[in-house]
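The primary structure of each chain is shown beneath.
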Amino acid sequence: MLKFGVIGTNWITESFIAAAREVESFILSAVYSRTEEKAKEFAEKNGAEYIFTDLEEMAASTVIDAVYIASPNSFHAEHAITLMKHGKHVICEKPIASNVAEIEKMIATAKENNVLLMEAMRSTVTPNFKSIQENLHKIGTVRRYFGNSCQYSSRYDKYKEGTVLNAFNPEFSNGSLMDIGIYCLYPMVVLFGEPESVKANAYLLESGVDGEGSILLNYGDKEAVIMYSKISNSFVPSEIQGENGSIIIDHIQDLTKIEIRYNDGRTEDITVEQDKPKMYYEAKEFIELIERGELESKVNSHANSLTVMKIMTEARRQVGLVYPADNK
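Note that the structure is predicted; figures quoted are calculated from it, not measured.

## Concerning the overall build of the chain
Each helix and strand in the chain was counted, giving 10 helices and 14 strands. For the chain, the C-alpha radius of gyration of 20 Å lies close to 20 Å, the compact-globule estimate for 328 residues. Taken along its principal axes, the extent of the C-alpha atoms in the chain is 60 × 45 × 35 Å. A buried classification covers 57% of the 328 residues belonging to the chain. Partitioning the intrachain contacts of the chain with sequence separation of at least 6 by distance along the chain shows that 68% fall at a separation of at least 24. Working note: accessible area of the chain is about 14,300 Å², and carbon and sulfur atoms make up 46% of it.

## Let's talk about the packing of aromatic side chains
As enumerated under the stated definition, the model contains 13 aromatic pairs in all. Ring plane angle 45 degrees and centroid distance 4.8 Å describe the contact between phenylalanine 4 and phenylalanine 26, whose orientation is recorded as tilted. Of this pair, phenylalanine 4 sits in strand 1 (residues 2-7) while phenylalanine 26 sits in strand 2 (residues 26-32), and the two are 22 residues apart along the sequence. Of the two residues, phenylalanine 4 and phenylalanine 26, neither departs from the other in class, the shared state being buried. A ring pair is formed by tyrosine 156 and tyrosine 159, whose centres lie 5.9 Å apart and whose planes are at 15 degrees; its orientation type is stacked. With a gap of three residues between them, tyrosine 156 and tyrosine 159 both fall in helix 7 (residues 154-160), about one helical turn apart. Considered together, tyrosine 156 and tyrosine 159 belong to a single accessibility category, that of buried residues. Here the basic side chain of lysine 230 rests over the ring of phenylalanine 168, its NZ or CZ set 5.4 Å away from the ring centre.

## Here's the deal with the pattern of salt bridges
One pass over the structure, following the stated rule, counts 18 salt bridges. The partner of glutamate 294 in a salt bridge is arginine 292, with the nearest N and O atoms 2.8 Å apart. Judged by relative accessible area, glutamate 294 falls into the partly exposed class, the value being 24%. As a salt-bridge pair, aspartate 326 and arginine 316 come within 2.7 Å of each other at their nearest N and O atoms. Separated by 10 residues along the polypeptide, aspartate 326 in the segment after helix 10 (302-319) and arginine 316 in helix 10 bring together distant segments of the chain. Look at aspartate 326 and you get partly exposed, because its relative accessible area is 28%. Through salt bridges with shared partners, a single ionic network connects Arg122, Asp254 and Lys278.

## A few points about helix 5 (residues 100-112)
The terminal C-alpha atoms of helix 5 lie 18 Å apart, and with 13 residues this matches the ideal 18 Å at 1.5 Å per residue to within 8%. For helix 5, the complete set of buried residues consists of Val100, Glu102, Ile103, Met106, Ile107, Thr109 and Ala110. Contacts made by the buried residues of helix 5 are with helix 4 (76-85), strand 6 (117-120) and helix 10. Of the residues one or two after helix 5, asparagine 114 is the one with positive phi, at around 50 degrees.

## A few points about the nonpolar core
Residues Leu185, Met188, Ile215 and Ile240 are the most contacted members of the largest nonpolar core, which totals 106 residues. The leading source of residues in this core is helix 8 (residues 176-192), at 13 residues. When sequence neighbours within four positions are dropped, the list of residues in contact with isoleucine 240 reads Ile132, Leu136, Ile139, Val142, Arg144, Tyr145, Leu191, Phe192, Gly245, Ser246, Ile247 and Ile249.

## A few points about the UniProt feature "domain: Gfo/Idh/MocA-like oxidoreductase N-terminal" (unreviewed entry) in the chain
The residues that UniProt annotates with the feature "domain: Gfo/Idh/MocA-like oxidoreductase N-terminal" (unreviewed entry) are residues 2-119. Helix makes up 42% of residues 2-119 and strand 24%, and the two end C-alpha atoms of the span are 18 Å apart.

## Observations concerning the state of the cysteines
Throughout the structure, instances matching the rule amount to zero disulfides. With no disulfide of its own, cysteine 150 lies closest to cysteine 184 among cysteine sulfurs, the gap being 7.5 Å.

## Thoughts on the UniProt feature "domain: GFO/IDH/MocA-like oxidoreductase" (unreviewed entry) in the chain
The UniProt feature table records "domain: GFO/IDH/MocA-like oxidoreductase" (unreviewed entry) at residues 140-247. Between the end C-alpha atoms of residues 140-247 the distance is 11 Å, and the span holds 22% helix and 38% strand.

Scoring rules and cut-offs
Residues numbered from 1 in each chain as written. Predicted model: local features only at pLDDT ≥ 70, side-chain atom pairs only at ≥ 80, totals over all residues. Heavy atoms only, no water. Helix = DSSP H or I, 4+ residues; strand = E, 2+ residues; numbered from the N terminus. Rg over C-alpha atoms; globule rule 2.2 N^0.38 Å. Buried < 20%, exposed > 50% of the residue type's maximum accessible area, 1.4 Å probe, protein only. Contact = heavy atoms within 4.5 Å. Areas by Shrake-Rupley, 256 points an atom, 1.4 Å probe, with all protein chains shown as cover. Phe/Tyr/Trp six-rings, centres within 6.5 Å; stacked < 30°, edge-to-face > 60°. Lys NZ or Arg CZ within 6 Å of the ring centre and 35° of its normal. Salt bridge = Lys/Arg side-chain N within 4 Å of Asp/Glu carboxyl O. Expected span 1.5 Å × (residues − 1). Core = buried A, V, L, I, M, F, W, Y, C linked by side-chain atoms within 4.5 Å. UniProt positions renumbered as here; feature names shortened; annotations may be inferred. Disulfide = S-S within 2.5 Å.

Listed below in structure tokens is the structure:
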């Protein structure tokens, strides 16, 4: 059995635990929170035996083998590095870091300590993403990738009333690109690698984070167009356009329905049934890598995570979006 600790006592951690429990060798052993009361309450609710309020103590303990990190983005690097230095494997919620400098340090620490570090990007390890990879050749030479994820945040109403919650607070390296735009960028990088150039636009809120934005990326023989927002919704699917047809992706975050529409009018449904919880596939990928003694995912690899972070850091530079973490 693999004994897991979790950092972050929110709904996303509960979703991960529920999904990971469907992987046979997962066991929730410990919960970390800065407050004992929160840690105790979350541990009791989710059946964890141990609680920690001191990160160093958790990292040094023998009651965990691996940790799922879902603390605010600005804490990811610090938390992951502390744990990896004590030989713990880490699956870290996206975005894995605040900037390029942080992720480079995280990757170096993982290598120095022979531990697995993986970004918890759920879509790219699903059966439907694999189906896209396997069927991509059918649409001929790819000329455009269009990634669209616009999701009106329930927290934006509070923001407009004058309450700045974490989601719109630059202290936590948050905002539209980091929270939503990454869902468009990561599949693009896995499929097509690093672009030759990046051009970014964004609307910055008074709090200092981006409410929405778009990125145009040039690959020489193709382009990518990325659209993301936390202050408006979109009902348009994402798409990979080829010379022989297009792959229509119903929802880039979850990849629920995938269809090829050919130039001659034919359509082909290439959807694979995904009957597990959304976060099951990332948990399974991470656990199986540990069991095989592998220190890196081939899909959510160090290189792919680093490339995505390079794009986001450059996009932020262009639109003037700076986090406190950038100045450390």
